[in-house]
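So you can see what is in the structure, the chains are spelled out below.
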Amino acid sequence: MQRRRAVACLGNPIMGDDAFGVLVAKELEGMAGADLLLLDEGGLDVAVNLISYSNILIIDAIESKDGKVGDIVELSVEALSETKGLSGHAMTLAEALEALSLLSGEAPREVRILACRIRPVETYGESVTPKVAEAAKLCARMAERWVRTGSIR
Amino acid sequence: MKRVVINPATRLEGHAKIAIIMDDRGEVQEALFQTVEFKGFESFCLGRNAEELPVITSRICGVCPWAHHMASLKATDALFNAPPPPTALKVRELAYDAFLVHDHSAVFYALAAPDLLLDPDTPRAQRNILELVKRIGRDTGAKVLALRKAASDILTIVGGRATHPIFGCPGGISRGLTKEDIAAIKERSRQLIELAELTNKVFEDTVASKKEFIDLFNTDAFVNRSYYASLIGRDGKIGFLDGDIRVIKPDGSVLEEFKPNSYQDHFKETSLPWTYMKFPYLQSVGWKGLAEGEDSGVYRVGPLARFNVANGFSTPRAQAKFELFRETLGSPAHQTLAYQWARVIEIIHAAEKVSELVEDPDLGGAEIRSPIGKPGEGVGVVEAPRGLLIHHYRANEMGTVTFVNLIVPSTHNNSGICLSVKKAAKHLVKGTDIPEPVFNRVEMLYRAYDPCLACGTHALPGSMPLEFELYDSSGRLLRSESRGT
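Each chain has its residues counted from 1, following the order in which its sequence is written. Following the order in which they are written, the chains are lettered starting with A and the ligands numbered starting with 1. The model is predicted, so local features are restricted to residues of pLDDT at least 70 and side-chain atom pairs to those at 80 or more, both for listing and for counting; the totals for chains, interfaces and linings are taken over all residues. As a rule here, side-chain values come from all non-hydrogen atoms in the structure, and water together with hydrogens is ignored.

Quick look at the overall build of chain A now. Within chain A one finds five helices and five strands. If you list the helices and strands of chain A from N to C, you get β-α-β-α-β-β-α-α-β-α. Throughout this description, buried means an accessible area under 20% of the type-specific maximum (1.4 Å probe, protein chains only), exposed means over 50%, and partly exposed covers the range between. Taken over 153 residues, chain A has a buried fraction of 58%. Long-range pairs, those at least 24 residues apart, make up 78% of the contacts in chain A between residues at least 6 apart in sequence. If you sum the accessible surface of chain A, you get close to 6000 Å²; carbon and sulfur atoms cover 49% of it. Put simply, DSSP H or I for four residues or longer makes a helix, DSSP E for two residues or longer makes a strand, and each gets a number counted from the N terminus. Throughout, a residue-residue contact means that at least one pair of heavy atoms, one from each residue, lies within 4.5 Å. Working definition of accessibility: Shrake-Rupley area with a 1.4 Å probe, residue cover restricted to the visible protein chains.

Encoded structure:
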């Protein structure tokens, strides 16, 4: 039975700007009105963790192609679906979301995706670009608004 | 000369490029598996306290963090001269077995099964877990997910969290199991057995019992006669956390057996100009290039290697499946696609071990950590799901890390993957007009290894994109096809 609202933050704290989701989760600690999930695993397990939620806000990072870092963009699930297809090693987020609908027998009523543009992740490190750190605070406020009102902006 | 390339489009969960070089007659002359590794993890660890490494290193990967955690624990146990008490070892082993169920089942259903259970000629866009679920039925798919959650639950009970464990520490574990924990694990252990049996039934009904699949396994294009290396457990059985390293020849006889901490005397690395990855080879045989056979020091690791090196499993159900595997494919089994079958059988063994360990009276013991000694040097070797994983550290008298060397399974298998791709391409690729099923089959072979290449990041879209490119002899691009981008 779908019953709950979740904010799912994806990220790795030792992969530079890929820690964006982790930073947002820290900002949201103690938030009421939704489950806060910090997901740091592969695609199939992302789906498993999201089963049973009716309204899902996913927060992740996306590598910037044009050098702009720190912007928060909203992505559609449909846009992500272009990434489907058997990869060498793991499921994509788009596949995970579709698997979620298929396997739970009931698609979530709402899936929204907020992503922060980050610099390419080329090595390990705990430092985050200042603009990305700033963006994490802004994104957390957007998530809180979504939890309260259902609207991001 | 023409060149086909399977190439990354972005830097996400890993990078892989397969370049197939063709001559002017349209015949494959060479095939190269290239990767761009994530560099810098070793230097990232330098200067930290060695006690931190088991937690830090588990962050290398979002798919096999428990393997890195365990290898790191073994290395830091040795570095601090702190052999863990029996309870700690058993809790670690139980958790690791639950992790193997968790990881192997994900690989099978998300990656292997679409290759094997769907028609190999199924278009790429439909070769995924979603089509698979439609094939095996939504109820079965949902059941698999529900049962697999039992493994995740056990990992959370033992490790504090399912993915990146924080429970192990040099000399033992930081928290013992309560009676309630053990009862909860026991209840879930039955679900692991159910998942293992269901998965093996799916595999046997749809693959192992089908002549066309066994013929495919045995196709010369998909067979590579190589050396194999793995840990060898008690009584010559497959062992994941303990034992010496044994290497067998392509004919199955033992080449050498040695202590894990002497790995540097046996595994050497060479570089080739077209890739960033190193090519490990057997020192005692020597590097003779990317070639099969006894004269070539190329070796492979992972589930297939474990099946070839050991004489079976210590648990009865897995042993029965092991015998069926050998009866069907021979020994050593050089069929690369058999990696997938071996993986599925290992799920049974891991599930049986969880059931066995959860009954062990030592499991709830109070002595969970040994005092740590003066820091020095330590090597930790485990059988990760994808094969031999080596962590090697040194620390100064303050416990500050001064040296880190990691050799991951996909590095060990680099030469094997190149060999497999090259041979398959030589057999299957004819001319420049390459039909999609040919690409599919080359990918099937590559995926049998489940190479895990620098998958520490999760930035969207979260996959290992591939790209095919076809070049002529002058280097002119004739064709490009993106996959997973």
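Continuing now.
Among the buried residues, those of types Ala, Val, Leu, Ile, Met, Phe, Trp, Tyr and Cys that are joined through side-chain atoms within 4.5 Å form a nonpolar core. Ranked by size, the top nonpolar core spans 168 residues in total, and within it Val7, Phe20 and Ile59 of chain A together with Tyr96 and Phe325 of chain B carry the most contacts. The residues contacting phenylalanine 325 of chain B, other than those within four sequence positions of it, are Leu304, Phe307, Gly330, Ala333, Ala338, Trp341, Ala342 and Ile345 of chain B. Leu37, Tyr53, Val73 and Leu75 of chain A belong to the second-largest nonpolar core, a separate cluster that totals 19 residues.

Below, the discussion takes up the sheet that holds strand β11 (residues 299-300) of chain B. Residue and element names in this part refer to chain B. Only strands joined by at least two bridges in the DSSP assignment are considered to pair. Read across the sheet, four strands follow the order β8-β7-β6-β11 without closing on themselves; strand pairing throughout is mixed. The strands lining the two open edges of the sheet, one partner per strand, are β8 (254-258) and β11. Here strand β6 (residues 227-232) pairs with β11 via two bridges, running parallel. From the neighbouring strand, tyrosine 228 faces β11, where its bridge partner is arginine 300.

Looking now at the layout of surface pockets. Residue and element names in this part refer to chain B. Buried and open spaces are told apart on a 1 Å grid over the protein atoms alone, a cavity being a set of points where a 1.4 Å probe fits but cannot get out and a pocket being an open set with protein on both sides within 12 Å along at least five of seven lines. Residues with an atom within 4 Å of a point are the lining residues. Grid points are joined across faces, edges and corners, and a volume is the space filled by probe spheres set on the points. Approximately 1100 Å³ is the volume found for the largest pocket. Forming the walls of the largest pocket are 37 residues, and the residues nearest its centre are Glu93, Arg234, Leu241, Asp242 and Gly243. The element contributing the most residues to the lining of the largest pocket is helix α4 (residues 86-117), with seven residues. Of the residues that constitute the lining of the largest pocket, the class distribution is 15 nonpolar, eight polar and 14 charged. For this classification, Asp, Glu, Lys and Arg are treated as charged, while Ala, Val, Leu, Ile, Met, Phe, Trp, Tyr, Cys and Pro are nonpolar and the rest, including Gly, are polar.

All right, on to the pattern of salt bridges then. All names here are of chain B. By definition, a salt bridge exists where a carboxyl oxygen of Asp or Glu is found within 4 Å of a side-chain nitrogen of Lys or Arg. Within this structure, the stated rule accounts for 34 salt bridges over all chains. Between glutamate 194 and lysine 143 there is a salt bridge, with the nearest N and O atoms lying 3.2 Å from each other. Of the two residues, glutamate 194 sits in helix α7 (residues 179-208) while lysine 143 sits in helix α6 (residues 138-159), which places them 51 residues apart along the sequence. Looking at glutamate 194, the relative accessible area reads 36%, which means it is partly exposed. Residue classification places lysine 143 among the partly exposed residues on the basis of a relative accessible area of 39%. The shortest N-O distance in the salt bridge between arginine 306 and glutamate 383 comes to 2.6 Å.

The next subject is the pairing of strand β12 (residues 377-384) of chain B. Residues and elements named next belong to chain B. Across the eight residues of β12, seven count as buried, placing the element largely inside the fold. Relative to strand β13 (residues 387-395), β12 runs antiparallel, the two being bridged by eight bridges. Within β13, the residue paired with glycine 380 across the bridge is histidine 391. Counting the residues in the hairpin turn of β12 and β13 gives two residues.

So, about helix α10 (residues 316-329) of chain B. Helical geometry note: an α-helix holds 3.6 residues per turn, so side chains three or four residues apart project in the same direction. Residues and elements named next belong to chain B. For α10, with 14 residues, the first-to-last C-alpha span of 20 Å sits near the 20 Å given by 1.5 Å per residue. Among the residues making up α10, those that are buried are Ala318, Gln319, Phe322, Phe325 and Leu329. Mapping the buried residues of α10 onto a view down its axis gives an arc of 115 degrees, with all of them on the same face. The exposed set on the far side of α10, more than 90 degrees from its buried face, consists of Pro316 and Glu327. Against α8 (211-218), α9 (303-309) and α11 (338-357) lie the buried residues of α10. Phi for glycine 330, located one or two positions after α10, is positive at around 85 degrees. By this rule, a helix spans an expected 1.5 Å times one less than how many residues it contains. The directions considered for the arc are those from the helix axis to the C-beta atoms.

What is shown is where atoms sit, not what they do.
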